[in-house]
Amino acid sequence: MQIISTNIAKPTTFIWNGKEETTGIYKKPVNTPIFLGNETVKDDEVSDRKHHGGEFKACYLFSEDHYPYWKNLYPNLDWTYGMLGENLTIKGLDEKELNIGDIYKVGNALVQITQPREPCYKFAMKFNSTNVLQEFIAHGYPGTYVRVLKEGTVKNGDTFELVEKALQSISIFQFFELLYASEKNKLHIKAIIDNECIPKKKRDNLKRFL
């Protein structure tokens with residue numbers, strides 16, 4: 001896996017249901033290294049601290065490999081890297097190969113795979129489509145959040161070196177399926193129910209299905 005683009009956002013306001021809101025989803029490529037902090041990417045806008053940023057969502061990664069799929073669905077949008085709201089656009093990122101808890105070295109930072117991205121109304125607003133939420137879920141390749149075990153700087157061209165592969169875990173792809181499946185895979189739930197790379201609230205919600 002290799003960083004193709006580093007992306008950050010400035011605050012952007014919009015009107016939703018008659019109310020002014022601020023978002024950091026409008027990320028744009030930058031030509032300078034970016035600093036991965038423990039709870040956020042330095043200088044990147046995180047407007048909704050309840051659902052974004054923090055230990056388990058310090059940085060969001062999305063695969064360059066899926067850009068053609070989305071460009072084909074929405075050809076009239078102004079396409080740049082960062083369009084899916086990611087801080088890092090990654091060549092070769094495969095959600096089926098990334099397990100919850102995997103640890104990677106990238107640049108001089110150390111990051112750990114935590115959870116898939118779950119699309120929200122701000123994502124729909126950006127794409128000017130309510131259909132995009134279900135399309136994103138159906139496609140099944142949501143990218144991944146990471147937590148930052150060691151803060152550091154990353155830049156375009158940096159590659160991900162696997163430091164530790166998580167055992168007795170499930171992939172980001174499987175976790176994303178699990179979150180939206182009407183019939184939950186209990187074996188997958190049991191595999192991650194004690195995994196501290198996942199927020200306790202999310203694990204507690206899954207326990208209800210056992």
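Check the entry above for the structure.
Owing to the predicted nature of the structure, the values given are computational and were not obtained by experimental measurement.

1. With respect to the pairing of strand E10 (residues 144-150)
Next up, step 1: In terms of burial, E10 is largely enclosed, as five of its seven residues are buried.
Next up, step 2: Examined bridge by bridge, strand E6 (residues 59-63) and E10 share three bridges and lie antiparallel to one another. For Tyr 60, the partnering residue across the bridge sits in E10 and is Tyr 145.
Next up, step 3: Alignment of strand E9 (residues 109-116) against E10, held across six bridges, turns out to be antiparallel. Each residue of the ladder has a partner; that of Pro 116, found in E10, is Thr 144.

2. Notes on the environment of Thr 114
Next up, step 1: With respect to the element layout, Thr 114 can be found in strand E9.
Next up, step 2: In this structure Thr 114 touches Phe 56, Ile 100, Thr 144, Tyr 145, Val 146, Arg 147, Ile 172, Phe 175, Cys 197 and Ile 198, once residues within four positions along its chain are discounted.
Next up, step 3: Reaching out from Thr 114, the side chain makes a polar contact with the backbone oxygen of Phe 56 at a distance of 2.8 Å.

3. A few points about unusual backbone geometry
Next up, step 1: At Asn 128, a residue that is not glycine, the phi angle is positive and equals roughly 55°.
Next up, step 2: With respect to the helices and strands, Asn 128 occurs in the loop between helix H2 (121-127) and helix H3 (131-139).
Next up, step 3: Residue Asn 128 is classed as exposed on the basis of its relative accessible area, which comes to 70%.

4. Details of the pattern of salt bridges
Next up, step 1: Inspection of the entire model under this criterion finds six salt bridges.
Next up, step 2: In this structure, Glu 55 and Arg 147 form a salt bridge, with 2.6 Å as the shortest nitrogen-oxygen distance. With a gap of 92 residues between them, Glu 55 in the loop between strand E5 (34-36) and E6 and Arg 147 in strand E10 connect regions that are remote in the sequence.
Next up, step 3: Its relative accessible area of 39% is what places Glu 55 among the partly exposed residues.

Definitions and limits used
All residue numbers refer to position in the chain's written sequence, counted from 1. Reporting in this predicted model follows two pLDDT cut-offs: at least 70 for local features of residues, and 80 or more for side-chain atom pairs to be given and counted; totals over whole chains, interfaces and linings ignore these cut-offs and use all residues. Side-chain figures throughout are based on the complete set of non-hydrogen atoms in the structure, without hydrogens or water. Under the scheme applied here, a residue whose accessible area is under 20% of the maximum for its type counts as buried, over 50% as exposed, and between as partly exposed, the area being computed with a 1.4 Å probe on protein chains only. Helix and strand definitions follow DSSP, with helices as H or I runs of at least four residues and strands as E runs of at least two, each counted in order from the N terminus. In this scheme, strands are said to pair when DSSP sees at least two bridges between them. Contacts between residues were defined by any pair of non-hydrogen atoms, one from each residue, lying within 4.5 Å. The term polar contact refers here to a pair of N or O atoms within 3.5 Å; inside protein, the definition further demands a hydrogen-donor-capable atom paired with an acceptor-capable atom, and it admits residues adjacent in sequence only when both atoms are side-chain atoms. By definition, a salt bridge exists where a carboxyl oxygen of Asp or Glu is found within 4 Å of a side-chain nitrogen of Lys or Arg.

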